[in-house]
Number of protein chains: 2
Amino acid sequence: MIRLYYAAHTCALASHIALEEAGAEYSAVRISFADEEQRKPEYLAINPKGRVPAMVTEQGILTETPATLVFIAQSFPQARLAPLEDPFRFAEVQAFNSYLCSTVHVAHAHRVRGYRWATDEASFADMKRKVPQTVGAGFALIERGMLRGPWVLGETYTICDPYLFTLAQWLEGDGVDLSTLPRVMGHRARMAERPAVRKALAEELN
Amino acid sequence: MIRLYYAAHTCALASHIALEEAGAEYSAVRISFADEEQRKPEYLAINPKGRVPAMVTEQGILTETPATLVFIAQSFPQARLAPLEDPFRFAEVQAFNSYLCSTVHVAHAHRVRGYRWATDEASFADMKRKVPQTVGAGFALIERGMLRGPWVLGETYTICDPYLFTLAQWLEGDGVDLSTLPRVMGHRARMAERPAVRKALAEELN
């Protein structure tokens, strides 16, 4: 059985939703960032990076959302969460998720985790001021074409969708003008109605 | 035939090497960052992100190194560049490459591209000062276990190897103490001897 380590309001939500969508047997274990549990030896033994998600599988431990999502899609092929039989379409899934993790999530992280990349308080404030613009630019590209609609890849729901939904949860906090993103917001609303999303959110935010 | 758009000294080298390793028929097209060709309409029509690599395939255009690498591995299975038949091992490939793109490459980018996330010159200088530490921390995790040796995943060469080699090219410029990374440097030396690596480097740096 899969064990997913998550913290509330983090990108681990994407994997949590995907496990629900896949009909997987799994347990979700909450880590408290407020208590800095992600930096304690018990958790670092699971994920030396001190981040979430970490997914304990029967074969070993996986980290990094694009990897946990692909593992879920390939381990539960009957759920059809990725175009596994088509290398180009499958690479499109990876391209989208890679953009989310390396550009959009990174832009967001500069709002409250500037200490990762700088030292001075003035730099943190400077980074924080730019977040509406940088996260907004990332989502503008998604709005203008990467999100094909109704789902990210078009008619078929894939592991891109819970990941986009997860990062779109942060738009208000990041100060992005939602009125510029009608298609992204439509996607967010469609996602919020899915039973798998409701269940994962209810568990994480209770 | 595949067409790879690259710029010298960028992460596009990883895809270039992988195409060589795969024995693919491809052409490599150089973009000059010095001339800001990546921001010109001709190139933005290929990759609206204004980044490299971009890979034009018969089915469409792909961006993001973890995606182009997976596409190469899946399109040329006889080259055995990824454990395609094993979902867990395949996810390990994705986890490693995702770590490189979202953590290690991002840390490196703060040295000369601080303008992506901040506005003030003082912030850029602050970010730049921290790069030896942040890139060093990323490579320290790789040194301590993610790089199993002799190749990233162990005995089998995969698409993780050209990507690690590519980012390891930047260590000196990033001010990381190479003496702390004997296993990473050993990997870099092994990679530099491979014909595919020599050929890609010769083409990019001529």
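Look up: the structure comes first, before these words.
Just so it is clear, the model here is predicted, and its values are computed rather than measured. (Residues numbered from 1 in each chain as written. Chains lettered and ligands numbered in written order. Predicted model: local features only at pLDDT ≥ 70, side-chain atom pairs only at ≥ 80, totals over all residues. Heavy atoms only, no water.)

**Student:** Just to check I follow, could you spell out the overall build of chain A for this structure?
**Tutor:** Tallying secondary structure elements over chain A gives 8 helices and 4 strands in all. What you see in chain A, going N to C, is helices and strands ordered as β-α-β-α-β-β-α-α-α-α-α-α. Whereas a compact globule of 206 residues would reach a radius of gyration of roughly 17 Å, chain A reaches 17 Å, a difference of no more than 12%. Seen through its C-alpha atoms, chain A measures out along the principal axes to roughly 50 × 45 × 35 Å. The average position of the 22 basic charges and that of the 24 acidic charges among the side chains of chain A differ by 3 Å. (Helix = DSSP H or I, 4+ residues; strand = E, 2+ residues; numbered from the N terminus. Rg over C-alpha atoms; globule rule 2.2 N^0.38 Å. Lys, Arg positive; Asp, Glu negative; His and termini not counted. Charge placed at Lys NZ, Arg CZ, Asp CG, Glu CD.)

**Student:** What's the story with the nonpolar core in this structure? I'm lost.
**Tutor:** One broad trend across soluble globular proteins is that nonpolar side chains are buried collectively. In this structure, Phe139(A), Ile142(A), Leu171(A), Phe139(B), Ile142(B) and Leu171(B) are the most contacted members of the largest nonpolar core, which totals 126 residues. In this view, Phe139(A) contacts Val104(A), Leu164(A), Leu167(A), Ala168(A), Leu171(A), Leu181(A) and Val184(A); residues no more than four positions away in its chain are not counted. Core analysis: the next-biggest nonpolar cluster, separate from the first, contains 12 residues, Val106(A), Phe124(A), Met127(A) and Ala109(B) among them. (Core = buried A, V, L, I, M, F, W, Y, C linked by side-chain atoms within 4.5 Å. Buried < 20%, exposed > 50% of the residue type's maximum accessible area, 1.4 Å probe, protein only. Contact = heavy atoms within 4.5 Å.)

**Student:** Would you mind going over the relation of the copies chain B and chain A with me for this structure?
**Tutor:** Two copies of a chain can be linked by a rotation about an axis combined with a shift along that same axis. Once turned by 180 degrees and shifted 0.0 Å along the axis, chain B lies on chain A with an RMSD of 0.0 Å. As the rotation angle and translation indicate, the two copies are arranged about a two-fold axis. Taking C-alpha positions as the reference, the residue of chain B nearest the rotation axis is Ser102(B), at 2.0 Å. Interface overlap between copies: 100% of the residues of chain B at the interface are likewise at the interface in chain A, consistent with a symmetric, same-surface contact. (Least-squares fit on C-alpha atoms with pLDDT ≥ 70 in both.)

**Student:** Please explain the pattern of salt bridges as it appears in this structure.
**Tutor:** Oppositely charged side chains may form a pair once their charged atoms are brought near each other. All names here are of chain A. For the structure shown, the criterion picks out 18 salt bridges over all chains. When the shortest N-O distance is used, the salt bridge between Lys 199 and Glu 20 registers 2.9 Å. Of this pair, Lys 199 sits in helix H8 (residues 195–205) while Glu 20 sits in helix H1 (residues 12–22), placing them 179 residues apart in sequence. For Glu 20, a relative accessible area of 17% puts it in the buried group. Residue Asp 126 is joined to Arg 129 by a salt bridge in which the shortest nitrogen-to-oxygen separation is 3.7 Å. Taken together, the residues span about one helical turn, with Asp 126 and Arg 129 both in helix H5 (residues 121–146) at a distance of 3 residues. On the basis of relative accessible area, Asp 126 is assigned to the buried category, the value being 1%. (Salt bridge = Lys/Arg side-chain N within 4 Å of Asp/Glu carboxyl O.)

**Student:** How should I be thinking about the state of the cysteines in this particular structure?
**Tutor:** The term disulfide refers to a covalent linkage connecting the sulfur atoms of a pair of cysteines. Taken as a whole and judged by the stated rule, the model has 0 disulfides over all chains. Here Cys11(B) stays unpaired: no disulfide links it, and the sulfur of Cys101(B), its closest cysteine neighbor, is 8.7 Å away. On the basis of relative accessible area, Cys11(B) is assigned to the buried category, the value being 8%. Unpaired in this structure, Cys101(B) has its nearest cysteine sulfur neighbour in Cys101(A), at a distance of 4.0 Å. On the basis of relative accessibility, which here comes to 8%, the residue Cys101(B) falls in the buried class. (Disulfide = S-S within 2.5 Å.)

**Student:** I'm lost on the packing of aromatic side chains in this one. Help?
**Tutor:** Given two aromatic rings, one states the distance between the centres and the angle between the planes to describe the pair. With the rule as written, the count across this model stands at 7 aromatic pairs over all chains. Lying across the ring of Trp151(B), Arg190(B) places its NZ or CZ 5.9 Å from the centre. (Phe/Tyr/Trp six-rings, centres within 6.5 Å; stacked < 30°, edge-to-face > 60°. Lys NZ or Arg CZ within 6 Å of the ring centre and 35° of its normal.)

**Student:** Got a minute to help me understand the sheet that holds strand E2 (residues 26–30) of chain B in this structure?
**Tutor:** Backbone hydrogen bonds are what pair the strands of a sheet, in a parallel or an antiparallel way. Residues and elements named next belong to chain B. With mixed pairing, the 4 strands of this open sheet are ordered in space as E2-E1-E3-E4. Each end of this open sheet is capped by a strand with a single partner; those strands are E2 and strand E4 (61–63). Neighbour-to-neighbour, the strand axes of this sheet turn through a mean angle of 20 degrees, independent of strand direction. Here 3 bridges tie strand E1 (residues 2–6) to strand E3 (residues 54–56), and the two strands are oriented antiparallel to one another. (Pairing = 2+ DSSP bridges. Axes fitted to C-alpha atoms, helices over the stretch in contact; angles between N-to-C directions.)

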